[in-house]
Amino acid sequence: MGKEFRGTIRDDPDFDPTADAETLYNAMKGIGSDKEAILDLITSRSNAQRQEIITAYKSNFGKDLIDDLKYELTGKFERLIVSLMRTPAYHDAKEINDAIKGAGTNEKCLIEMLASRNNQQIKDMVAAYNDAYGSDIEEDVIGDTSGHFKKMLVVLLQGTRDESGVVNADLVEEDAQDLFAAGEEQWGTDEAKFIMILGNRSVAHLQLVFDEYEKIAEKPIEDSIKSELSGDFESLMLAVVQCIRSIPMFLAKCLYKSMKGLGTADNTLIRIMISRSEIDMLDIREFFRLRYEKSLYNMIKDDTSGDYKRTLLNLCGGDDDVAGEFFPEAAQIAYKMWELSAMTKVQLRPTVRPAARFDPAADAQALRKAMKGFGTDEDAIIDIVTQRSNAQRQEIRQAFKSLLGRDLMKDLKSELSKNLERLIIGLMLTPAEFDAKMMKKAMEGAGTDEHALIEILVTRSNEEINAMTAAYVSAYKTTLEEDIQSDTSGHFSRILVSLVQGARDEGSADPERADADAQELADACNAESDDMEIKFMSILCTRSFPHLRRVFQEFVRYTNKDIEQIIKKEMSGDVKNAFYAIVCSVKNQPAYFADRLYKAMKGLGTDDRALIRIMVSRCEIDLFNIRKEFKDSHDATLHEFIQVETMVGDTSGDYRKTLLALCGGED
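### Here's the deal with the overall build of the protein
Line of reasoning, step 1. Secondary structure summary: the protein contains 41 helices and zero strands in total.
Line of reasoning, step 2. The C-alpha atoms of the protein give 28 Å as radius of gyration, which agrees with the globular expectation for 667 residues (26 Å, within 12%).
Line of reasoning, step 3. Per-residue burial for the protein yields a buried fraction of 52% across its 667 residues.
Line of reasoning, step 4. Restricting to contacts in the protein with at least 6 residues of sequence separation, those with at least 24 account for 74%.
Line of reasoning, step 5. Working note: accessible area of the protein is about 29,100 Å², and carbon and sulfur atoms make up 48% of it.
Line of reasoning, step 6. Seen as two clouds, the 85 positive and the 117 negative side-chain charges of the protein have centres 4 Å apart.

What follows is the structure, encoded as structure tokens:
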């Protein structure tokens, strides 16, 4: 029995190439063309059948079908239809050629294609490239790339990955040890070892190597790649690992990135929709809906228009939101993702560290000098404040008062303005004072910033919450709990009050209790929404994060659904957002912050308060990890994003300069 067909486009059983050629000829005859007839016909034939139509068209009408389509159609729709008419190998070859010809290289395209193609697809593409462009694809890629990135691309272009499916248990352990020794265990990284193993071993073998690696390193290989490698080479190796785990999952992520945010990366969208329509589009759709709580169909529908949209939707082949059910493969992946999350020991890395040769008196004098007389030396202030730890800044505050009899905070407030002032003052406050102030700001005035309240209370440890509540009373002469109760209502208010107690269990997972908790959550999903929310609160707001990872893993087993999906589907408003934030933080807190930073900067206008809050509060904890997650999720570095998104209104560039200093690097 053959493998089940997972594409969305099949052979048309009543296929007649001559009749189809005639239909297309008539659709393009005269003034204007019948675009619907064209797109409906082309998307209901397989690629092999389209090749027969091209031949029949030339035999019957003495004309080239592709030339006629190019003449009659325009824009993205033309690109999509014409690309559908090429054979997969020639389509791939053209994409590679487009990626490397002219000024600049489209590295993302090279990465996505070479990481996701099997040996036969690569060999066919290499031959098609030679035929179409009269040159050698390997030489062209070498001429356009460099370093380890180039070497790995060349390895992938050989199309010689082991596809035997045979796994040698001894070699699995040896490869895992070699990869660990090549990266985590030594200063500097032995990139050649990564290239050799990840570029040649079989998929089945590498999946076992990754499991073994995780046991040795206590983290997934992706985390090691993010911390050991950088730039395009890092992106390529991550793509290879993701494709070894699951090509459809990797391509679902590429599709999501191509449509979210401002503007659509149409080339990526077209390339994946065409190249996978006869291979694994159904799997891609499953993973898409699992990961992004929205069907691929609906995302395309919201993001594109006209005949271009209709063609893409035909290739997509159906709307999974209508079905509303979870698939066994998706449930297995969700279970595996929670298992990975539970096993991982994340090494948190800051971007701001204590200054080595620290002299608080000299810093205090330098700051005074920067603010004395006419004009302010912002550069001097920024350099000192961003290159000291928070504990060192507190010593500077004290020295400023002891030596000069002045209040540093008051002086900074009078000399600086707008976002720069907010950012520098935020850095000078203790973490507890800063958190207390951010909570106050979120509740001040007309509206409430519920997202800020959620983010702070969900991501702080008990110790941090207790320090913040004490700082709040000291600064505002009222308790944080009272203010939360008067500013919020219903179950949302109860969730925040529960979190503000700072009494979350902080121990490790208890497997028996986790199983019972998962069962209770699963049962609650069938209860009234009131009872369901209270049951979720009693578990999600009180159990430790390691314990909740186990709970959410077992929850998949009981329900065949991921807890994220249930929250998105069954809950609404602030309650949904609060529980969702807890789940995201439990799964991967740096990724949660990366997403919050992205939301703060994308779209119209920047949410500077959120940007300042996260950069200030995380720079001495895990901002390096957040940076890596940001790059992985958004195909742009945090550094680039801050640079572009903070230009408006920051005429001097000092605000941006301070943020970039905290960010600490370009990745």
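Picking up after the structure, the text goes on.
### Observations concerning the pattern of salt bridges
Line of reasoning, step 1. Taken as a whole, this structure holds 43 salt bridges when the rule is applied.
Line of reasoning, step 2. A salt bridge links Arg-460 to Asp-435, with the shortest nitrogen-to-oxygen separation between them at 2.9 Å. Here Arg-460, found in the loop between helix H29 (450–459) and helix H30 (462–476), pairs with Asp-435, found in helix H28 (residues 431–443); they are 25 residues apart in sequence, far enough to count as distant.
Line of reasoning, step 3. Connected via shared salt-bridge partners are Glu-4, Arg-6, Asp-283 and Glu-286.

### Overview of the environment of Cys-619
Line of reasoning, step 1. Turning to its location among the elements, Cys-619 is positioned in the loop between helix H38 (608–618) and helix H39 (623–634).
Line of reasoning, step 2. Cys-619 sits 170 residues away from Asp-449 along the chain, and the two C-alpha atoms are 22 Å apart.
Line of reasoning, step 3. For Cys-619, the contacting residues outside a window of four places in its chain are Pro-350, Thr-351, Val-352, Leu-427, Ile-614 and Leu-662.

### Looking at the environment of Arg-45
Line of reasoning, step 1. Considering the arrangement of structural elements, one finds Arg-45 in the loop between helix H2 (35–42) and helix H3 (47–61).
Line of reasoning, step 2. In this structure the C-alpha to C-alpha distance between Arg-45 and Phe-15, which are 30 residues apart in sequence, comes to 8.0 Å.
Line of reasoning, step 3. Discounting residues that sit within four places of it in the chain, Arg-45 has contacts with Ile-9, Arg-10, Asp-12, Phe-15, Asp-20, Arg-50 and Ile-53.
Line of reasoning, step 4. In this structure the side chain of Arg-45 is engaged in a polar contact, spanning 3.4 Å, whose partner is the side chain of Asp-12.

### Remarks on helix H1 (residues 17–28)
Line of reasoning, step 1. The end-to-end C-alpha separation of H1 is 17 Å, in line with the 16 Å expected for 12 residues at 1.5 Å each.
Line of reasoning, step 2. Along H1, the residues that are buried comprise Pro-17, Asp-20, Ala-21, Leu-24, Ala-27 and Met-28. Down the axis of H1, the smallest arc covering the buried residues is 125°, so these residues share one side.
Line of reasoning, step 3. Between the side-chain oxygen at the start of H1 and the backbone nitrogen of Thr-18 there is a gap of 3.1 Å, and the oxygen is on Asp-16.
Line of reasoning, step 4. Following H1 by one or two positions, Gly-30 has its phi on the positive side, about 75°.

### Concerning helix H12 (residues 191–200)
Line of reasoning, step 1. Among the residues of H12, Glu-191, Phe-194, Ile-195, Ile-197, Leu-198 and Gly-199 are the ones counted as buried.
Line of reasoning, step 2. Among the structural elements, helix H10 (147–157), helix H11 (169–182), helix H13 (203–217), helix H14 (221–228) and helix H15 (231–245) are those in contact with the buried residues of H12.

### Observations concerning a negative patch on the surface
Line of reasoning, step 1. A contiguous patch of negative charge, built from Glu-463, Glu-464, Asp-505 and Glu-506, is present on the exposed surface.
Line of reasoning, step 2. Locating Glu-463 in the fold gives a position in helix H30.

### So, the side chain of Arg-285
Line of reasoning, step 1. Of note, Arg-285 is situated in helix H18 (residues 281–292).
Line of reasoning, step 2. A relative accessible area of 9% places Arg-285 in the buried class.
Line of reasoning, step 3. Setting aside anything within four residues of it in sequence, one finds Arg-285 in contact with Thr-8, Leu-296, Cys-316, Gly-317, Gly-318 and Asp-320.

### A short note on the packing of H1 against H2
Line of reasoning, step 1. Interaxial distance between H1 and H2 falls to 8 Å at its minimum, and their mutual angle equals 155°. The angle between the axes of H1 and H2 places the two elements in the roughly antiparallel class. For the crossing formed where H1 meets H2, the hand is left-handed. Residues Asp-20, Thr-23, Leu-24, Ala-27 and Met-28 of H1 form the contact with H2, whose own contacting residues are Ala-37, Ile-38, Leu-41 and Ile-42.
Line of reasoning, step 2. Considered class by class, the residues forming the contact of H1 with H2 number seven nonpolar, one polar and one charged.

### Things to note about the packing of aromatic side chains
Centre distance and the angle of the planes are the two values used to describe a pair of aromatic rings.
Line of reasoning, step 1. Applying the stated criterion to the full structure yields 13 aromatic pairs.
Line of reasoning, step 2. Considering the side-chain rings of Tyr-592 and Phe-593, the 5.7 Å spacing of their centres and the 55° angle between planes classify their relative orientation as tilted.
Line of reasoning, step 3. Taking the relative accessible area as the measure of exposure, Phe-593 reaches 0% and is therefore buried.
Line of reasoning, step 4. Connected via pairs of aromatic rings, a cluster forms that spans Tyr-25, Tyr-57 and Phe-61.
Line of reasoning, step 5. The ring of Phe-624 has Arg-349 sitting right over it, with the charged end atom 3.8 Å from the ring centre.
Line of reasoning, step 6. Taking NZ or CZ as reference, Lys-568 lies 4.0 Å from the ring centre of Tyr-580, over its face.

Rules used throughout
Residues numbered from 1 in each chain as written. Predicted model: local features only at pLDDT ≥ 70, side-chain atom pairs only at ≥ 80, totals over all residues. Heavy atoms only, no water. Helix = DSSP H or I, 4+ residues; strand = E, 2+ residues; numbered from the N terminus. Rg over C-alpha atoms; globule rule 2.2 N^0.38 Å. Buried < 20%, exposed > 50% of the residue type's maximum accessible area, 1.4 Å probe, protein only. Contact = heavy atoms within 4.5 Å. Areas by Shrake-Rupley, 256 points an atom, 1.4 Å probe, with all protein chains shown as cover. Lys, Arg positive; Asp, Glu negative; His and termini not counted. Charge placed at Lys NZ, Arg CZ, Asp CG, Glu CD. Salt bridge = Lys/Arg side-chain N within 4 Å of Asp/Glu carboxyl O. Polar contact = N/O pair within 3.5 Å; in protein donor to acceptor, adjacent residues only side chain to side chain. Expected span 1.5 Å × (residues − 1). Arc of directions from axis to C-beta. Patch = residues over 30% accessible without salt bridge, like charges linked within 9 Å, V, L, I, M, F, W, Y side chains within 5 Å. Axes fitted to C-alpha atoms, helices over the stretch in contact; angles between N-to-C directions. Parallel < 35°, antiparallel > 145°, perpendicular 65-115°, else oblique. Left-handed = near helix turned anticlockwise from the far one by under 90°. Nonpolar A, V, L, I, M, F, W, Y, C, P; charged D, E, K, R; others polar. Phe/Tyr/Trp six-rings, centres within 6.5 Å; stacked < 30°, edge-to-face > 60°. Lys NZ or Arg CZ within 6 Å of the ring centre and 35° of its normal.

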